[in-house]
Amino acid sequence: MASRSKNPGGASRVRRRALLGTAVLVVLVALAGLAAYLTRDGRQPSKSPVAQQSSASTASPSGSPSSGTRARALSVLPNTDDPIAFGKAAAAALWSYDTRAYSQAELLTALRGWLTTETKYADPASVDAVVPSPVLWKEMAANGQFATAKVNEGHFPDSFTRALQADPGTVTQAYVYAVTVSGKQSIAWKGSPAGGAENRVTTLAVQCRPSHPCALAGVMPSVAP
C-alpha cells in the first residue's frame with residue numbers, strides 16, 4: 001500500500017468527493033464500501049499536467065535504464081471512448097510495474113496521468129493506494145522485482161446496469177461508468193524468472209464523455225460483481 005498524505009485536504013477535497021459521490025451514487029448504490037470511498041482521506045490532485053507514456057516493453061535488469069527506456073516501460077494511455085476497453089487497459093496498468101525500469105515516483109506520476117482532468121471527479125488517492133510505498137519499492141528494486149498483467153474480461157456490474165436501465169439519464173451529469181475487470185498478475189524477480197501469479201479483480205470508475213476519450217475517475221474500494 002502506498003503511503004498517504006497527512007494534509008487535511010480542505011474544502012476543495014470535500015467538494016470533489018461530494019461531487020464524485022453525486023455522480024456515481026445512483027448507479028453504484030449497491031456497491032459495498034461506497035461510503036468509505038467518498039469519505040476517506042486522500043492526496044490532493046496533481047497541479048501539473050502529466051506527460052503520456054508510450055509502449056509497454058520492459059528494461060534490462062542490469063545497468064541504469066535511460067530515460068527513453070523508462071518511458072517505454074510505462075503503460076500506454078489508450079485513446080478510446082469505450083468504458084470497458086478503457087477499464088481493461090487501466091486495470092492492466094494498475095496491476096503492472098517494473099522496479100528495474102523506473103522509479104516509484106515515475107510510476108505514480110504516469111498512473112495519475114490516466115485520471116480525468118476534471119478534478120472534481122478525480123480521486124488520485126485511490127490510484128496512489130495501489131502503488132507500493134517508496135520504502136517497499138526500494139526493497140523490491142533491490143531484488144529486481146516486476147509484475148505483468150493479463151486481463152481476462154471487463155463488464156458493467158449488475159447493479160450499474162440495473163440502475164441505467166431504470167433511469168438512463170442518471171449517467172449524463174458526469175458520464176462516470178462502473179467497470180469491473182478480472183485478470184491475473186504475474187510477479188517475478190532476480191533468481192526467480194517464473195515467480196508467482198494470482199488472480200485479480202477490481203472495479204473502476206471510468207469517465208467517458210461524448211466525443212472525448214475515456215479517463216479514469218478512480219479505483220473503487222470494493223468489487224462490484
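What counts and what doesn't
Residues numbered from 1 in each chain as written. Predicted model: local features only at pLDDT ≥ 70, side-chain atom pairs only at ≥ 80, totals over all residues. Heavy atoms only, no water. Pairing = 2+ DSSP bridges. Helix = DSSP H or I, 4+ residues; strand = E, 2+ residues; numbered from the N terminus. Contact = heavy atoms within 4.5 Å. Axes fitted to C-alpha atoms, helices over the stretch in contact; angles between N-to-C directions. Disulfide = S-S within 2.5 Å. Buried < 20%, exposed > 50% of the residue type's maximum accessible area, 1.4 Å probe, protein only. Salt bridge = Lys/Arg side-chain N within 4 Å of Asp/Glu carboxyl O. Core = buried A, V, L, I, M, F, W, Y, C linked by side-chain atoms within 4.5 Å.

Caption draft 1: Highlighting the sheet that holds strand S2 (residues 146-155). Here we have five strands laid out as an open sheet, ordered S1-S2-S3-S4-S5, and antiparallel in their pairing. The strands lining the two open edges of the sheet, one partner per strand, are strand S1 (97-98) and strand S5 (215-219). Pairing between S1 and S2: two bridges, direction antiparallel. Considered in S2, the bridge of Tyr97 is made with Ala147. Set on the sheet, helix H4 (residues 83-94) makes contact with S2, strand S3 (176-189), strand S4 (192-207) and S5; between it and S4 the angle comes to about 140°.

Caption draft 2: Highlighting the state of the cysteines. Inspection of the entire model under this criterion finds one disulfide. A disulfide bridge connects Cys208 with Cys214, and the sulfur atoms are separated by 1.9 Å. Here the S-S torsion is close to 115°, and the disulfide linking Cys208 with Cys214 is therefore right-handed. Neither residue differs from the other here; Cys208 and Cys214 are each classed as buried.

Caption draft 3: Unusual backbone geometry, seen in detail. Of note, the phi angle at Tyr175 is positive, near 55°, even though the residue is not glycine. Using a relative accessible area of 18% as the deciding quantity, one classes Tyr175 as buried. One non-glycine residue, Ser211, lies in the positive phi region at around 65°. You can see Ser211 is positioned in the loop between S4 and S5.

Caption draft 4: Main features of helix H5 (residues 104-112). Every buried residue belonging to H5 is among Gln104, Leu107, Leu108, Ala110, Leu111 and Arg112, and all of these are buried. Looking at the buried positions of H5, the neighbouring elements they touch are H4, S1, helix H6 (124-128) and helix H7 (134-142).

Caption draft 5: The arrangement of the pattern of salt bridges in detail. Using the criterion set out here, one finds three salt bridges in the structure. Salt-bridge contacts for Asp98 lead to Arg100; the nearest nitrogen and oxygen are separated by 2.8 Å. Arg100 matches Asp98 in its accessibility class, with the two residues each being buried. As a salt-bridge pair, Arg209 and Glu118 come within 2.6 Å of each other at their nearest N and O atoms. Of the two residues, Arg209 sits in the loop between S4 and S5 while Glu118 sits in the loop between H5 and H6, which places them 91 residues apart along the sequence.

Caption draft 6: Main features of the nonpolar core. Phe86, Tyr102, Leu107, Leu111, Trp114 and Leu204 are the most contacted members of the largest nonpolar core, which has 38 residues in total. Secondary-structure elements contributing two or more residues to this core are H4, H5, H7, helix H8 (158-166), S3, S4 and S5. The leading source of residues in this core is H4, at five residues. Setting aside residues up to four positions removed in sequence, Leu107 forms contacts with Leu74, Ser96, Tyr97, Tyr102, Val131 and Trp137. If you look at the next biggest cluster of nonpolar residues, it comprises six residues, including Tyr121, Ala174, Val176 and Met220.

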